[in-house]
2 protein chains.
Amino acid sequence: MSAPLAGAAGGDRLSATDRAFLGRSVELGRKGWGRVHPNPMVGAVVARAGVTLAEAHHAEFGGPHAEAAALAELGERARGATLYSSLEPCAHTGKTPPCAEAIRAAGIERVVYWAAEPGAVEGGGGAWLRRRGVRVAGPCGDVAGWAAENPVFFHAARSERPFVALKLAVSLDGRIAPRGGRRVWLTGPEARSEVHRLRAGFDAILVGTRTWKADDPMLTARGAVTPRVPPRPVLLDRRGEAVRDLRALRGDGAGRAIVVTAPGAAGRVEERLGGRGEVVAVPAGTRGLELAALMEALAGRGVGSVFCEGGGVLAASLLAEGLADRLYLFVAPVVVGGGGVPAFPVTPGDRPEDVATLMQGWQPRLDPVRFGDDTLIVLDRGG
Amino acid sequence: MSAPLAGAAGGDRLSATDRAFLGRSVELGRKGWGRVHPNPMVGAVVARAGVTLAEAHHAEFGGPHAEAAALAELGERARGATLYSSLEPCAHTGKTPPCAEAIRAAGIERVVYWAAEPGAVEGGGGAWLRRRGVRVAGPCGDVAGWAAENPVFFHAARSERPFVALKLAVSLDGRIAPRGGRRVWLTGPEARSEVHRLRAGFDAILVGTRTWKADDPMLTARGAVTPRVPPRPVLLDRRGEAVRDLRALRGDGAGRAIVVTAPGAAGRVEERLGGRGEVVAVPAGTRGLELAALMEALAGRGVGSVFCEGGGVLAASLLAEGLADRLYLFVAPVVVGGGGVPAFPVTPGDRPEDVATLMQGWQPRLDPVRFGDDTLIVLDRGG
């Protein structure tokens, strides 16, 4: 999905072979999507003279780390080899013993790693191994690149607020639905499968009032990856209109839903839902529920990442308030026409300078990917 | 740029190694962009037991074909090897002797090729080699995939009309310019360099009246590839307003410009331009110059491919009239706002069913590519 090492600062001292194995370790790490968070996704390769001896990835939260798993396969055969890892080997004992010790014990001669463990410096596995005479190259690249691969993990290291990703499926003319907003699939089945796979990597799936009223979505991850912890559906419901029978509240295979309403409506909603879903009150302003307060409330419930699936107004508000970190934009090869619902609603009252700066600093750091007839562009917020 | 062999029909009998070498031959062929047309871009690899012995591509119109060039490097060492080519080896004597003979003479044991030479069947190099006991696998994939790699070449095999590609640089909200249409760069320098590279592969660069009046563009290919034959600028000028001093008419490094006007204005324009550029008269309807007649006139002047760079109205007309074959869509990570100029202008009078079918059958057959902060999506017309 990505060429994370291309042009990355600090990669100069690496050979083409090093870079290829490091790229492979990143690729392997991705297999942990939906299964390892809140841990990072990590892959590792052990190689000698350009030949792969073992490959592994962190496959399950609480299970072996990638480096340890790769070494475990090899035993004595690892002696003198090079270990490549997409993340700095850990030097602490957590759920598993530290990888740095396993690397040293296995007789690995050289370690090449990509991303620095956030907060580690002298306490990290890189420094620990260097002090013990192992040749170490890393970290390579920069935190923006690392965060593109492990967005939730690196976000959590510097922010209390959940990581927020917006998903939008748009036509070539930037619309998310035809006139009147009736439900249509702009994108094809491959793109929709990818959305289900993406959902599996988030703690919560957020939708605005109009979206759940129009579509009554299940908000479950029904794709190639079964999430270790099913994401919790989060329904915005300022006016307190949610009913027990909504699919997202029934909980078939989903995490327990959260219905977010204004303080004045909370009691009424709670009563109506009768224990189906958790009701959360958040202050409401003139333009709707206060989104920063919403994020705080979600963080307080252990939600570290939010996948927002619409609608356009909610997405635009999150963008405008600086609460969005990533945009998954699926571009469908269709034209909806001028009457369609815009993906980026800008009202006549918005000042042009605000519009122009809406996406300032946003960049694609992952390569775009084709899913059937649709194209996924992933944009990450700068800084 | 592409994964042309993925999922391609007919590729089942190929091993992963075969597919990798065939993919490499396609990749090599691309190096001929801007230098070989109207010939196809072709690359070739000679390999034995999975190891590359030689690589080559068709580098220059009139110069050696890829297969012959790869074999010429090897001499006797080619004996018993496998030759991979992105196009069926030729069996005819054109500007160079037939590749099929060279392949047989070199003692190649097996030939794997991707695209079928249009029109060849029994007369093609594949059949010629099979009859002489060489093991041959090919063609693989389908004409839609081959045409995605060599669009002008495969288009020419089935149509008299020039191949027409539209280039649009759009914001996330589907705009090509802010309100009022003033000139801004939505895309960054990497995308603009790519546009210059793309121009080198076309016979002509077409712009509508408003575009040349607003921008006075040079319409030359000033990128990484110097075109063998500079593309001819084509300016639409229904009302006969072009003047001698337009940059595109001055001809610095460009092909001789064509100014297209209505029959009633042709004499006047010709006089005013005084030999700078060629004046071509084309019937005009109520909505502008007749575009089908324009294409016929261009074909009559040897123009086999047209790169249309705007504006939006011209692009929309070409799409609506079924005269466009490819869309190069550069998506910039900016939002322009509701007052901006739409990339796909749909007027209130347009019937919704016409809008919905505007892009019907269009598909991305090449992978999307990131250029700096922008993403290029290439869409090809179906059928």
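Here, every reference points to the structure presented above.
Each chain carries its own residue numbering, running from 1 in the direction its sequence is written. Chains carry letters from A onward and ligands carry numbers from 1 onward, assigned in written order. Given that this is a predicted model, residues contribute local features only at a pLDDT of at least 70 and side-chain atom pairs are listed and counted only at 80 or more, while totals for whole chains, interfaces and linings are drawn from all residues. The side-chain values count all of the structure's non-hydrogen atoms but skip hydrogen atoms and water molecules.

## Points about the overall build of chain A
Logical step 1: Each helix and strand in chain A was counted, giving 13 helices and 18 strands.
Logical step 2: Note that the radius of gyration is over C-alpha atoms, with the globule rule given as 2.2 Å times the number of residues to the power 0.38. The C-alpha radius of gyration computed for chain A amounts to 23 Å, which stays within 12% of the reference 21 Å derived for 383 residues, consistent with globular compactness.
Logical step 3: If you line up chain A on its principal axes, its C-alpha atoms span 65 × 45 × 35 Å.
Logical step 4: Think of it in three bands: residues with accessible area under 20% of the maximum for their type are buried, residues over 50% are exposed, and the middle band is partly exposed, with areas taken using a 1.4 Å probe on protein chains only. Looking at chain A as a whole, 55% of its 383 residues qualify as buried.
Logical step 5: Of the roughly 15800 Å² that chain A leaves accessible, carbon and sulfur atoms contribute 51%. Counting from the N terminus, the helices are the DSSP runs of H or I reaching at least four residues and the strands are the DSSP runs of E reaching at least two. Residue burial considers only the protein chains on display, and all accessible areas are found by Shrake-Rupley using a 1.4 Å probe.

## So, the relation of the copies chain B and chain A
Logical step 1: Alignment of copies: least-squares fit on C-alpha atoms of residues with pLDDT of at least 70 in both copies. For the pair chain B and chain A, the superposition axis carries a translation of 0.0 Å, the fit reaches an RMSD of 0.0 Å, and the rotation angle comes to 180 degrees. Taken together, the rotation and translation describe the operation of a two-fold axis. Relative to the rotation axis, the C-alpha of Gly174(B) is the closest in chain B, positioned 2.4 Å from it.

## Points about the pattern of salt bridges
All names here are of chain A.
Logical step 1: Criterion for a salt bridge: a side-chain nitrogen of Lys or Arg within 4 Å of a carboxyl oxygen of Asp or Glu. Here the structure, examined in full by the defined rule, presents 37 salt bridges over all chains.
Logical step 2: The residue Arg30 makes a salt bridge to Glu149 at a minimum N-O spacing of 2.7 Å. Here the residue Arg30 occupies a position in the loop between α1 (16-29) and β1 (43-48), and Glu149 occupies one in helix α5 (residues 143-149), the gap between them amounting to 119 residues. Residue Arg30 shares its accessibility class with Glu149, and that shared class is buried.

## Regarding the interface of chain B and chain A
One widely used convention gives an interface's size as the accessible area the parts lose upon coming together.
Logical step 1: At the junction of the two partners, chain B supplies 33 residues and chain A supplies 34 residues.
Logical step 2: In short, buried area is how much 1.4 Å probe accessible area vanishes from two parts on joining, totalled over both. Of the roughly 2500 Å² buried between chain B and chain A on both sides combined, carbon and sulfur atoms contribute 63%.
Logical step 3: Taken as a group, Leu172(B), Val335(B) and Arg370(B) account for 27% of the area that chain B buries against chain A, more than any other trio of residues on that side.
Logical step 4: Inspection of the region where chain B meets chain A yields 2 salt bridges.
Logical step 5: Here Arg370(A) makes a salt bridge to Asp367(B), at a shortest N to O gap of 2.8 Å.
Logical step 6: By the criterion applied in these results, polar contacts are pairs of N or O atoms within 3.5 Å in which, for protein atoms, one can donate a hydrogen and the other can accept it, and in which residues neighboring in sequence qualify only through two side-chain atoms. On the surface where chain B and chain A come into contact, there are 10 residue pairs in polar contact (both at pLDDT 80 or more).
Logical step 7: Elements with a minimum of two residues in the side of chain B that touches chain A: β15 (326-331), α13 (352-357), β17 (369-371) and β18 (374-380) of chain B. Should any heavy atoms of two residues lie within 4.5 Å, those residues are counted as being in contact.

## So, the environment of Pro40(B)
Residues and elements named next belong to chain B.
Logical step 1: Note on placement: Pro40 falls in the loop between α1 (16-29) and β1 (43-48).
Logical step 2: Of the residues examined, Pro40 reaches a relative accessible area of 10% and is grouped as buried.
Logical step 3: Pro40 sits 63 residues away from Ile103 along the chain, and the two C-alpha atoms are 19 Å apart.
Logical step 4: Contacts of Pro40, omitting those with residues within four sequence positions, involve His58, Leu87, Asn150 and Phe153.

## A look at the sheet that holds strand β5 (residues 135-137) of chain A
All names here are of chain A.
Logical step 1: Taken in spatial order, the 5 strands line up as β2-β1-β3-β4-β5 in an open sheet, and their pairing is mixed. The open sheet has two edge strands, β2 (51-57) and β5, and neither has a second partner. The sheet shows a mean angle of 15 degrees between the axes of neighbouring strands, taken without regard to direction.
Logical step 2: Sheet topology note: the strand β4 (residues 110-115)/β5 ladder contains 3 bridges and is parallel. Within β5, the residue paired with Val111 across the bridge is Val136. For two strands to pair, DSSP has to find at least two bridges joining them. Angular values range over 0 to 180 degrees, each being the angle between N-to-C directions of two axes fitted as lines to C-alpha atoms, with helices fitted over their stretch in contact.

## Quick look at the sheet that holds β17(B)
All names here are of chain B.
Logical step 1: In space, the 9 strands of this open sheet follow the order β11-β10-β9-β8-β14-β6-β15-β18-β17, with mixed pairing throughout. Edge positions in the open sheet fall to β11 (278-281) and β17, since each of these has one partner strand only. The mean angle between the axes of side-by-side strands here comes to 25 degrees, regardless of whether they run parallel or antiparallel.
Logical step 2: Across 6 bridges, the pairing between strand β6 (residues 163-170) and β15 is parallel. Looking across to β15, one finds that Leu166 is bridged to Leu327.
Logical step 3: Packed onto the sheet, helix α7 (residues 189-199) meets β6, β8 (204-207), β14 (305-308), β15, β17 and β18 and runs at close to 165 degrees relative to β15.
Logical step 4: Across the sheet, helix α12 (residues 312-320) is in contact with β6, β8, β9 (232-236) and β14; its angle to β6 comes to roughly 135 degrees.

## Examining helix α10 (residues 263-273) of chain B
All names here are of chain B.
Logical step 1: Among the residues of α10, Ala265, Ala266, Val269 and Leu273 are the ones counted as buried. Projected down its long axis, α10 shows its buried positions confined to an angular sector of 120 degrees, all on one face. Relative to its buried face, α10 has exposed residues pointing more than 90 degrees away, namely Gly264 and Glu271.
Logical step 2: For α10, the secondary structure elements touched by its buried residues are α9 (247-250), β10 (258-261) and β11.
Logical step 3: Of the residues flanking the end of α10, it is Gly274, one or two places downstream, whose phi is positive at about 55 degrees. The directions considered for the arc run from the helix axis to the C-beta atoms.

## A short note on the packing of aromatic side chains
Logical step 1: Here the aromatic set is Phe, Tyr and Trp, taking the six-membered ring for Trp, and pairing holds for ring centres within 6.5 Å; pairs whose planes are under 30 degrees apart are stacked, those over 60 apart are edge-to-face, and all others are tilted. Counted by the stated rule, this structure contains 16 aromatic pairs over all chains.
Logical step 2: Seen from their ring centres, Phe307(A) and Tyr328(A) are 5.8 Å apart, and the 65 degrees between their planes marks the pair as edge-to-face. On the criterion of sequence distance, the pair formed by Phe307(A) in strand β14 (residues 305-308) and Tyr328(A) in strand β15 (residues 326-331) is long-range, its members being 21 residues apart.
Logical step 3: Comment: the charge-over-ring label is applied if NZ (Lys) or CZ (Arg) is within 6 Å of the ring centre and within 35 degrees of the ring normal. Cation over ring: Arg132(B) sits above Trp128(B), and NZ or CZ is 3.9 Å from the ring centre.

## A look at the pairing of β6(B)
Along any regular strand, the residues point their side chains to alternate faces of the sheet.
All names here are of chain B.
Logical step 1: Within β6, 8 of the 8 residues are buried, leaving the element largely enclosed by the surrounding structure.
Logical step 2: On β6, burial covers both faces: Phe163, Ala165, Lys167 and Ala169 on one face and Val164, Leu166, Leu168 and Val170 on the other are all buried.
Logical step 3: Of the pairings in the sheet, the one linking β6 to β14 comprises 4 bridges and is parallel in character. Following the sheet pairing, Val164 is matched in β14 by Val306.

## Remarks on the nonpolar core
Logical step 1: Grouped together as the largest cluster of nonpolar side chains are 82 residues, with contacts concentrated most on Leu206(A), Leu318(A), Leu327(A), Leu206(B), Leu318(B) and Leu327(B).
Logical step 2: Residues in contact with Leu206(B), not counting those within four places in the same chain, are Val234(B), Leu236(B), Leu294(B), Met295(B), Val306(B), Phe307(B), Cys308(B), Glu309(B), Gly310(B), Leu314(B) and Leu318(B). For the purposes of this section, nonpolar cores are sets of buried Ala, Val, Leu, Ile, Met, Phe, Trp, Tyr and Cys residues that join through side-chain atoms within 4.5 Å.

## A word on the pairing of β8(B)
Residues and elements named next belong to chain B.
Logical step 1: Residues Ala204 and Leu206 point to one face of β8 and Ile205 and Val207 to the other, with burial holding for every one of them.
Logical step 2: When β8 meets β9, the two strands line up parallel, connected through 4 bridges. The residue bridging Val207 from the neighbouring strand is Leu235, located in β9.
Logical step 3: Whether a crossover is right-handed depends on one test, that the path from the first strand over the helix to the second runs clockwise when the strands point away from the viewer. In this region the chain leaves β8, passes through helix α8 (residues 209-215) and returns to the parallel neighbour β9; the handedness of that crossover is right-handed.
Logical step 4: Pairing of β8 with β14, which is carried by 3 bridges, proceeds in the parallel orientation. The partner of Leu206 across the bridge, within β14, is Cys308.

## Examining empty space enclosed by the protein
Residue and element names in this part refer to chain B.
Logical step 1: Cavity and pocket criteria rest on a 1 Å grid covering protein atoms alone: a 1.4 Å probe that fits but cannot get out defines a cavity, protein on both sides within 12 Å along at least 5 of 7 lines defines an open pocket, and an atom within 4 Å of a point defines a lining residue. Grid points are joined across faces, edges and corners, and a volume is the space filled by probe spheres set on the points. For the structure on display, the rule yields 7 cavities of 30 Å³ or more.
Logical step 2: Approximately 120 Å³ is the volume attributed to the largest cavity.
Logical step 3: Gly is placed with the polar residues, together with every amino acid not listed as nonpolar (Ala, Val, Leu, Ile, Met, Phe, Trp, Tyr, Cys and Pro) or charged (Asp, Glu, Lys and Arg). Among the residues forming the lining of the largest cavity, the class breakdown is 8 nonpolar, 5 polar and no charged.
Logical step 4: By volume, the second largest cavity is sized at about 100 Å³.
Logical step 5: For the second largest cavity, the lining is made up of 13 residues, of which His37, Asn39, Met41, Asn150 and Val152 are closest to its centre.
Logical step 6: Of the residues belonging to the lining of the second largest cavity, the class tally is 7 nonpolar, 6 polar and no charged.

## What about helix α2 (residues 66-74) of chain B?
All names here are of chain B.
Logical step 1: Taken together, the buried positions of α2 are occupied by Ala66, Glu67, Ala70, Leu71 and Leu74. Each buried residue of α2 sits inside an arc of 125 degrees when the element is viewed along its axis, so together they form one side.
Logical step 2: Looking at the packing, one finds that the buried side of α2 touches β1, β2 (51-57), β3 (82-87) and α3 (99-105).
Logical step 3: Just downstream of α2, Gly75 is the residue with a positive phi angle, here 60 degrees.

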